[in-house]
Each structure stands twice: as structure tokens, then as C-alpha cells.
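Observations on the three-dimensional arrangement
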Amino acid sequence: MTEYMTMTADTPPTRSTAIKLYDESGFAGMRRAGRLAAEILDALAAHVVPGVTTEEIDDIVRRMTIEGGGAPATLGYRGYTHSCCTSINNVICHGIPGDRELKEGDIVNIDVTPLVDGWHGDSSRMYLVGDVPIKARRLVDVTYECLMLGIEQAKPGNHLGDIGHAIQKYAEKHRYGVVRDFCGHGLGQVFHDAPEVVHLGIPGTGPELRPGMFFTIEPMINIGKPGVRMMEDGWTAVTRDRSLSAQFEHSIGITETGCEIFTESPAGLHRPPYY
Ligand code: MF3
Ligand code: CO
Ligand code: CO
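On a predicted model such as this, the values are computed, not experimentally measured, just so you know.

Residues annotated by UniProt as "domain: Peptidase M24" (unreviewed entry) correspond here to residues 29-256. Taken as a whole, residues 29-256 contains 28% helix and 25% strand, while its terminal C-alpha atoms sit 18 Å from one another.

For the cobalt ion (ligand 3), the full set of protein donor atoms is Asp 111 (OD), Asp 111 (OD), Asp 122 (OD) and Glu 249 (OE), at a range of 2.0 to 2.3 Å. Taken together, the six donor atoms surrounding the cobalt ion (ligand 3) define angles of 59 to 168° at the centre, an arrangement classified as irregular. All donors to the cobalt ion (ligand 3) come from one chain, and their sequence spacing reads D-x10-D-x126-E. The metal-metal distance between the cobalt ion (ligand 3) and the cobalt ion (ligand 2) comes to 3.3 Å, with Asp 122 coordinating both. Of this pair, Asp 111 sits in strand β6 (residues 107-112) while Glu 249 sits in the loop between β17 (245-247) and β18 (250-254), placing them 138 residues apart in sequence. Comparing Asp 111 with Glu 249 shows no difference in burial state: the two are buried.

Before going further, it helps to spend a moment on the coordination of the cobalt ion (ligand 2). Binding of the cobalt ion (ligand 2) to the protein goes through Asp 122 (OD), His 185 (NE2), Glu 218 (OE) and Glu 249 (OE), at separations of 2.0 to 2.2 Å. Every donor counted, the six donor atoms about the cobalt ion (ligand 2) form angles of 51 to 161° at the centre, which fits irregular coordination. If you list the donors of the cobalt ion (ligand 2) from N- to C-terminus, the spacing comes out as D-x62-H-x32-E-x30-E.

Bringing the packing of helix α1 (residues 24-44) against helix α2 (residues 54-67) into the picture now. Contact pair α1 / α2: the axes reach a minimum separation of 10 Å and the direction vectors enclose 140°. For α1 against α2, the interelement crossing comes out right-handed. Contact with α1, carried on its side by Leu 36, Glu 39, Ile 40, Ala 43 and Leu 44, involves Ile 57, Ile 60, Val 61, Met 64 and Thr 65 of α2 and no other residues of that element. Residue composition of the contact of α1 with α2, grouped by class: eight nonpolar, one polar and one charged.

Here strand β13 (residues 214-217) shows two buried faces, one formed by Phe 214 and Thr 216 and the other by Phe 215 and Ile 217. With four bridges connecting them, β13 and β18 associate as antiparallel partners. Bridging across to β18, Thr 216 finds its partner in Ser 251.

Around ligand 1 there are 14 residues in total, and Thr 74, Asp 111, His 192, Glu 218 and Glu 249 lie nearest to it. Here Thr 113 contributes a side-chain N or O atom positioned 3.4 Å from a nitrogen atom of ligand 1. Coverage of ligand 1 by the protein chains reaches 97% of its 340 Å² of free accessible surface. The cavity where ligand 1 resides is the largest pocket.

Another point: the sheet that holds strand β8 (residues 119-120). The three strands lie next to each other as β3-β7-β8, forming an open sheet whose pairing is antiparallel. A single partner strand is all that each edge strand has here, and the edge strands are β3 (71-72) and β8. By the bridge criterion, two bridges tie β3 to strand β7 (residues 114-116) in an arrangement that is antiparallel. Bridge assignment links Pro 72 to a residue of β7, and that residue is Pro 114.

UniProt tags Asp 111, Asp 122 and Glu 249 as "binding site: a divalent metal cation 1" (unreviewed entry). For the residues just named, distributed over 139 residues, the greatest C-alpha separation is only 7.9 Å, placing them together at one site. Cross-referencing the annotated residues with the lining of the second largest cavity gives Glu 249. Non-local contacts of Asp 111, meaning those with residues more than four positions away in its chain, are made with Cys 84, Cys 85, Asp 122, Ser 123, Ser 124 and Glu 249.

Estimated volume of the largest pocket: approximately 610 Å³. Taken together, 29 residues make up the lining of the largest pocket; nearest its centre are His 94, Phe 182, Cys 183, His 185 and His 192. For the lining of the largest pocket, the secondary-structure elements that each account for two or more residues are β4 (84-88), β6, β11 (184-186) and β12 (193-197). Among the elements that line the lining of the largest pocket, the one with the most residues is β12, at four residues. The residue inventory of the lining of the largest pocket, partitioned by class, reads 11 nonpolar, nine polar and nine charged. Approximately 270 Å³ is the volume found for the second largest pocket. Of the residues assigned to the lining of the second largest pocket, the class counts are 10 nonpolar, one polar and two charged.

In a disulfide, the sulfur atoms of two cysteines are covalently bonded to one another. Per the counting criterion, the structure on display carries zero disulfides. There is no disulfide at Cys 146, and the cysteine sulfur nearest it, in Cys 183, is 15 Å away.

To continue, consider unusual backbone geometry. Working note: non-glycine residues mostly have negative phi, and peptide bonds are mostly trans. Residue Pro 195 follows Ala 194 across a cis peptide bond; omega there is 0°. Within the element layout of this structure, Pro 195 appears in strand β12. Residue Asp 117 is not a glycine yet carries a positive backbone phi of 50°. Within the element layout of this structure, Asp 117 appears in the loop between β7 and β8. On the basis of relative accessibility, which here comes to 57%, the residue Asp 117 falls in the exposed class.

Reading guide: rules and limits
- Residues numbered from 1 in each chain as written.
- Chains lettered and ligands numbered in written order.
- Predicted model: local features only at pLDDT ≥ 70, side-chain atom pairs only at ≥ 80, totals over all residues.
- Heavy atoms only, no water.
- UniProt positions renumbered as here; feature names shortened; annotations may be inferred.
- Helix = DSSP H or I, 4+ residues; strand = E, 2+ residues; numbered from the N terminus.
- Donors = N, O, S within 2.8 Å, 3.2 Å for Na, K, Ca; no water.
- Tetrahedral: all angles 85-135°; square planar, octahedral: opposite > 155°, others 65-115°.
- Buried < 20%, exposed > 50% of the residue type's maximum accessible area, 1.4 Å probe, protein only.
- Axes fitted to C-alpha atoms, helices over the stretch in contact; angles between N-to-C directions.
- Left-handed = near helix turned anticlockwise from the far one by under 90°.
- Contact = heavy atoms within 4.5 Å.
- Nonpolar A, V, L, I, M, F, W, Y, C, P; charged D, E, K, R; others polar.
- Pairing = 2+ DSSP bridges.
- Near = heavy atom within 4 Å.
- Polar contact = N/O pair within 3.5 Å; in protein donor to acceptor, adjacent residues only side chain to side chain.
- Areas by Shrake-Rupley, 256 points an atom, 1.4 Å probe, with all protein chains shown as cover.
- 1 Å grid on protein atoms, 1.4 Å probe; cavity = no way out; pocket = protein on both sides within 12 Å on 5 of 7 lines; lining within 4 Å.
- Sits in = over half its atoms within 2 Å of the grid points.
- Points joined across faces, edges and corners; volume = space filled by probe spheres on them.
- Disulfide = S-S within 2.5 Å.

Here you go:
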């Protein structure tokens, strides 16, 4: 059975197996953190161009996070030493910024998590580098739709399986593979908390959604099979069949009537192309 815990002023903000239910002060905290995440992703649109290195993008993320009154939650997280993840082409997630230059035709996911006053705003978007082949653009479009179809199911009374099912159904209709090895997650004052948000599932199964639940939805969709291979660095996850992979991520909170997206773009840069 799923356990829930109502967060009060004196509940310790530590990882739990129970699903935390936050109050209005939690929503206020997540709004600020989510807003900063979205503003950073908005600003990056102008910088994702041929020739820029992923390290330069990481520098911008770190600077903007700090200027915005936050700290990059990934910096020092389980030994990770960067302020964002940059996952190019066949990289599924957790690509490490480095001296690789983006080149025309690449697709790249940038994933940021500013920690603001103790709250985590976790979000990622895809970016197109110059002209990108239609095959890759289609993957990016479908992956964005997968996220939004999942979010549509995020309302009280529904179950996590409804979210996973909506994502899986749409992705598989396009004959894409849904990655199984990484999930969305509860978050708030903890970066990765219960529950696990699997991006496939059976309607009506899994934990019931209740007002005050905060979690991410972050589907990773491959043009080919869902299989994952880990690189030697221990972080970078790539598609086993070397096919292209895309991902979008929002942090959301369940409300009385549906959900609030904490990381929605204030500039309206929801999906590429961003100009
Ligand atoms: N932001 C990622 C997520 O969506 C987590 C990155 S952890 C890192 O959960 F250490 F790889 F940065
Ligand atoms: Co996440
Ligand atoms: Co993320």
C-alpha cells in the first residue's frame, strides 16, 4: 500500500519511502525554484548554436543559477561536478558538459536543477543546433507531446499508471522506444524522493495522485529500442542501438483540480524551434 505523509513546519526534509504532501508554503517554494529553472532554459535558447561547447553552456547555467539566488543542485551531487547535464543525440541523459562543440544538426537536452531556498526546480528541454533533419525534429516533437500528455493525466484521483500509460501509448504509436532505466521522481526539499514516476504503465495502477504531491515527469524516448548502455564515466547513458534519444522534463504539483507546472517557460519557449 502507498503511504502518504503530510508535510508540516517541523517534518524533517529528508528522503522517505512515503509520498510527501506539501502545503501552500511548499507550492510557494517550488514556484520560485521552478521559475528560475525555466528562466535559465529560456536564456539558453540564444546560446545553443554551432561551435559552442557544453562546458560553456554549463558556465552560463552556473552563473545564472547563482545570480538568481540559487545553487546548482547537481554540483557535488553523488560526485557529479557540473551545474547541468547536456545530452547530445544518442545520449539519453546525464551527459557531462565538456569540450565537445555542438555542431549543426545535433539535438541536445539541457537539464537544470536550481536549488532555491531549499526547493528544487528540475526541468529540461531539447534544443536544435542549426538545421536539424526532419527525423530528429519529429522525435523531439513527439517527446514533448509525451510529456504534455502525461501532465494532462496529473490530477487528483488518477494514478501514476495513467501518466505512464499516456506517455507509452503515444510514443509507441510512433514506434519509438520508451526508456525504462530512468524515471521521474518526487521532489521538493529533496532532489530525488518517492515516488518513482515510470514513463509507461497500466491505467488505474500505481499510487493515487493527491493534492500536494510534487514530482517530475521526464520521459526519455528513443527512435529505436529502449535499451540503455552506461559509459565508462559512470554517468552518461546512451542508447544501446545508437539511435537518437530525446527528453523533456517538468516539475509539477498536484492541486485540488489538476496540477500546477512549476517550470513552465515564462517566455513561451516550450519546444523548439525557439525563435
Ligand atoms: N536533473 C536530473 C533529473 O532529472 C538529475 C541529474 S543528477 C546529476 O533527475 F547528478 F546527473 F546531475
Ligand atoms: Co528529474
Ligand atoms: Co532533471
